[in-house]
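Each chain is listed here by its residues.
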Amino acid sequence: MRRAALRVLYLALLPVLVLFALALAPAVIASRLASRGHVWRPETWKKISYGSRYFRSSFRGRLGEMVDVIDVLRDRLILLFVLVAALCVLGGLFVHLLDIGVPSWAAAWPEGSIASFIASDLALFPAGGRLSFRSGAALVLAGCTALALLALGISLYAWLAFALGEATRVILRYGGAATLFPDPGDAIPGGRLVLCQISDLHITADGRVPYEIEEGSAAWPEGVPRPDTAELTGRLRRLVAEIAAMNPPLVALTGDMTDLGEEAQWDELEAALSGIPASSQVLMVPGNHDVAINVGTSPDPYLKKRAEREQRFIDVLTRVERGPFQPRLHVPARKRARRRLRAIAGLYPRRLDLEGGIRIFGLNSNRYRSRFVGSNAIGQIGGSQLRRLARALRRGSGPVVVLLHHHVARLAGPISLNDTFMIAMDGPRLLEMLAAYQQKNPRKNSALILHGHKHLAFFGHYRSKSGGRVSVYAHPSSTLGHETDGHLDGVARFAAIRLTDEGIWRVETHPLRTARAAVDAPPAAAEAAVS
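Residues numbered from 1 in each chain as written. Predicted model: local features only at pLDDT ≥ 70, side-chain atom pairs only at ≥ 80, totals over all residues. Heavy atoms only, no water.

Trainee: Is there a simple way to think about the overall build of the protein chain in this case?
Mentor: Of the regular secondary structure elements, the protein chain holds 15 helices and 16 strands. Here the protein chain holds 531 residues, and the buried ones make up 47% of them. Summarising the internal contacts of the protein chain: among those between residues at least 6 apart in sequence, 72% fall at separations of at least 24. Looking at the protein chain as shown, the accessible area adds up to about 25,600 Å², and 61% of this sits on carbon and sulfur atoms. (Helix = DSSP H or I, 4+ residues; strand = E, 2+ residues; numbered from the N terminus. Buried < 20%, exposed > 50% of the residue type's maximum accessible area, 1.4 Å probe, protein only. Contact = heavy atoms within 4.5 Å. Areas by Shrake-Rupley, 256 points an atom, 1.4 Å probe, with all protein chains shown as cover.)

In structure tokens, the structure reads:
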């Protein structure tokens, strides 16, 4: 009985493996469709799945990161080969030691049948002969290896096709993005103060240096100590003190307020923002470092860490935000990750009305669900959020300011491949929407977009084909400075946004005074116009 069982197992090993693969594939596909893409997978396969997702976008990743993905696949394949080889070797040893022969019934099948074909392929010798590792077991091992290599080849081909498709889609959207052109005439100071903007603070905790400077220290000015937690928080406190001296109606923070969205970093930020005067309202929009950052040393393919970051952001928003914003804040239950991921989607656009009929809208441009390191900086506003903004614009008139984190257009000049993964992919829709709004009443409905993200200072304009005009200001890092050719200048600054009686937006940048100048100089901030 034992010999018969071993005989059947040995002869049927390869067909069973093939049938198992054929049955598993439709089962996985069916379960994925039935659960809307969420299918149970062991931890090993989760890692391989993450590797496939990352492979799709690894064109802009580093070579070392690509090797990491290959290592994950290689390690699992080596394990698979070892297990299959061990099974085949053990099977061959068992049949050799037990002196099991080819059963006569296997050779007696009618000629031409499938069973006869399988039996003859596995046996390769007359009925009654001895099985050995060199015959049937070697065939099984070769077949399993060939199947595994074939599966790997098909998978790599599919991943490469997805990668080309995704990269092409992003690049084409960037190539079709709107272009901004500077207008030096708008650098003339004047008008009443509407708000002060700070952005890309990258506040750390526990004495750490910001992640991007740690990864590429060449970007920081040579000979200047790299900013740690104390330096970053100190710069922010001094910026807040200068803003408080101006007493603006609104203080706007346009994303990347923290470096990695950790709780200790939010605590540092809240303490530094405590100096904002009670008379000023506060509006915060999230940046990719606040909620969507995906660090290579700690990947987040299933967005669990992102859900935690978004929850922290909502919690901080309830304590820092000031003003009668619409919609009202709703803090969901912490225990339900899906509700947390959906909660932030319903908060934006946030609307605030200022004196003089000025309407302020805050947008969340982090709707792109980055599951891998290479795409965490891509921006997306989302169709539902843009539709809600369009309805709000139709219900009123007057000057409009829209705040978000990501760039909505590219600057005039050569296209940078890296910039394709930094822009909000649906930014042109936002520009066209605001241009149409401005064109309805060119003198009254002036429109301005404020953002940060690339640590670049630029003030330009977008003109639609129908004649609408939208002003766009990109603010550099308020703590790390303006970046030119990959190098930061290390100058801390904030922006003062003004509106003239003619409905023209003015932007003034205020560099942070040095400690000596802060003691000797009067409290009024020095003004430097951006052109």
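Having seen it, we continue.
Trainee: What am I meant to see in the sheet that holds strand β1 (residues 179-182) here?
Mentor: Sheet strands pair by backbone hydrogen bonding; their relative direction is either parallel or antiparallel. Spatial strand order, β5-β6-β7-β9-β11-β10-β1-β8: 8 strands in an open sheet with mixed pairing. A strand with exactly one partner marks an edge of an open sheet, and here the two such strands are β5 (350-354) and β8 (410-411). The pairing of β1 with β8 spans 2 bridges and is classified as parallel. Paired with L180 across the strands is L411, a residue of β8. (Pairing = 2+ DSSP bridges.)

Trainee: Help me out: how do you make sense of the environment of K444 in this one?
Mentor: Mapped onto the fold, K444 is located in the loop between α14 (427-440) and β9 (447-451). Owing to a relative accessible area of 44%, K444 belongs among the partly exposed residues under this scheme. Along the primary structure K444 and I504 are separated by 60 residues, whereas in three dimensions their C-alpha atoms are 9.6 Å apart. Among residues more than four places away in sequence, those in contact with K444 are S397, G398 and P399.

Trainee: When you look at helix α13 (residues 383-394) in this model, what are you seeing that I'm missing?
Mentor: Count 3.6 residues to each turn of an α-helix, and residues three or four apart come out pointing the same way. For α13, which comprises 12 residues, the first-to-last C-alpha distance of 17 Å matches the rise-based estimate of 16 Å (1.5 Å per residue) to within 8%. Here α13 has its buried residues at Q385, L386, L389, A390, A392 and L393. The buried residues of α13 occupy an angular sector of 165 degrees when the element is viewed end-on, so they sit on one face. (Expected span 1.5 Å × (residues − 1). Arc of directions from axis to C-beta.)

Trainee: How should the packing of α13 against α14 be read in this particular structure?
Mentor: Axes are the key here: two packed helices are described by the angle between their axes and the distance separating the axes. Where α13 contacts α14, the two axes come as close as 11 Å, and the packing angle between them is 5 degrees. Classified by the interaxial angle, the pair formed by α13 and α14 is roughly parallel. When α13 is examined against α14, the residues G383, L386, L389, A390 and L393 are found in contact with a partner set consisting of R429, L430, M433, L434 and Y437. Here the contact of α13 with α14 is built from residues that sort into 8 nonpolar, 1 polar and 1 charged. (Axes fitted to C-alpha atoms, helices over the stretch in contact; angles between N-to-C directions. Parallel < 35°, antiparallel > 145°, perpendicular 65-115°, else oblique. Nonpolar A, V, L, I, M, F, W, Y, C, P; charged D, E, K, R; others polar.)

Trainee: Could you clarify how one ought to interpret the pattern of salt bridges in this entry?
Mentor: Side chains that differ in charge, positive against negative, can pair when their charged atoms come close. Applying the stated criterion to the full structure yields 10 salt bridges. E310 is paired through a salt bridge with R306; the nearest N and O atoms lie 3.0 Å apart. Linking E310 with R306, this pair stays in helix α11 (residues 304-320), spanning 4 residues, or about one helical turn. Note on E310: relative accessible area 1%, which makes it buried. Judged by its relative accessible area of 2%, R306 falls in the buried class. With a shortest N-O distance of 3.9 Å, E308 and R312 are connected by a salt bridge. Of this pair, E308 and R312 both sit in helix α11, 4 residues apart, roughly one helical turn. (Salt bridge = Lys/Arg side-chain N within 4 Å of Asp/Glu carboxyl O.)

Trainee: What is the right way to read unusual backbone geometry from this model?
Mentor: Cis geometry marks the peptide bond from Y348 to P349, where omega comes out at 5 degrees. Assignment of secondary structure puts P349 in the loop between α12 (337-343) and β5. In this structure, N247 takes a positive phi of about 50 degrees despite not being glycine. Looking at the element boundaries, N247 is found in the loop between α8 (229-246) and β3 (250-254). Residue classification places N247 among the partly exposed residues on the basis of a relative accessible area of 42%. One non-glycine residue, D256, lies in positive phi territory at about 50 degrees. Its place among the elements puts D256 in the loop between β3 and α9 (263-273).

Trainee: Just to check I follow, could you spell out the packing of α9 against α11 for this structure?
Mentor: Across the interface, α9 lies against α11 with an axial gap of 11 Å and an inter-helix angle of 15 degrees. Judged on the interaxial angle alone, α11 and α9 are roughly parallel. The interaxial crossing formed by α9 with α11 has right-handed handedness. In this structure, α9 uses E263, W266, E270 and L273 to contact α11, whose residues at the interface are R312, F313, V316, R319 and V320. (Left-handed = near helix turned anticlockwise from the far one by under 90°.)

Trainee: Explanation requested: the environment of V209 in the structure shown.
Mentor: Its location among the elements puts V209 in the loop between β2 (192-198) and α7 (211-215). Between the C-alpha atoms of V209 and R226, which are 17 residues apart in sequence, the distance is 6.8 Å. Residues within four places of V209 in sequence aside, it is in contact with T204, E214, R226, P227 and D259.

Trainee: For this particular structure, what's the right way to read the packing of aromatic side chains?
Mentor: Geometry of an aromatic ring pair is reported as the spacing of the ring centres plus the angle between the planes. In total, this model carries 2 aromatic pairs according to the counting rule given. On the basis of an interplanar angle of 85 degrees and a centroid distance of 6.3 Å, the ring pair of F459 and Y473 is categorised as edge-to-face. Here Y473 lies in strand β11 (residues 469-474) and F459 lies in strand β10 (residues 458-463), a separation of 14 residues in the sequence. Since its relative accessible area comes to 3%, F459 is described here as buried. (Phe/Tyr/Trp six-rings, centres within 6.5 Å; stacked < 30°, edge-to-face > 60°.)

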